[in-house]
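Fold and geometry: a report
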Amino acid sequence: MMSPVEFFRNLPKKVCPECGEGVHEQAESYLMECDRCLSKKEE
Ligand SMILES: [Zn+2]
């Protein structure tokens, strides 16, 4: 059995819904897409 601490440590990373890349946790966590997809949209 996993301890609660281990459980939270092993939570899956946020993943970009556009390309499936892992998204870094950031202050602007409302941004779901990764940097690449975001910059694509900002053209
Ligand atoms: Zn992406």
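Definitions and cut-offs
- Residues numbered from 1 in each chain as written.
- Predicted model: local features only at pLDDT ≥ 70, side-chain atom pairs only at ≥ 80, totals over all residues.
- Helix = DSSP H or I, 4+ residues; strand = E, 2+ residues; numbered from the N terminus.
- Buried ≥ 20, exposed ≤ 12 C-beta atoms within 10 Å, placed from the backbone.
- Contact = placed C-beta atoms within 7 Å.

What follows deals with the overall build of the protein. Within the protein one finds two helices and zero strands. The buried share of the protein, reckoned over its 43 residues, is 5%.

Next up on the list: the environment of C37. Relative to the helices and strands, C37 resides in helix α2 (residues 35-41). A count of 17 C-beta atoms within 10 Å places C37 in the partly exposed class. Separated by 20 residues in sequence, C37 and P17 have C-alpha atoms that sit 9.5 Å apart. Residues in contact with C37, not counting those within four places in the same chain, are C16, E18 and C19.

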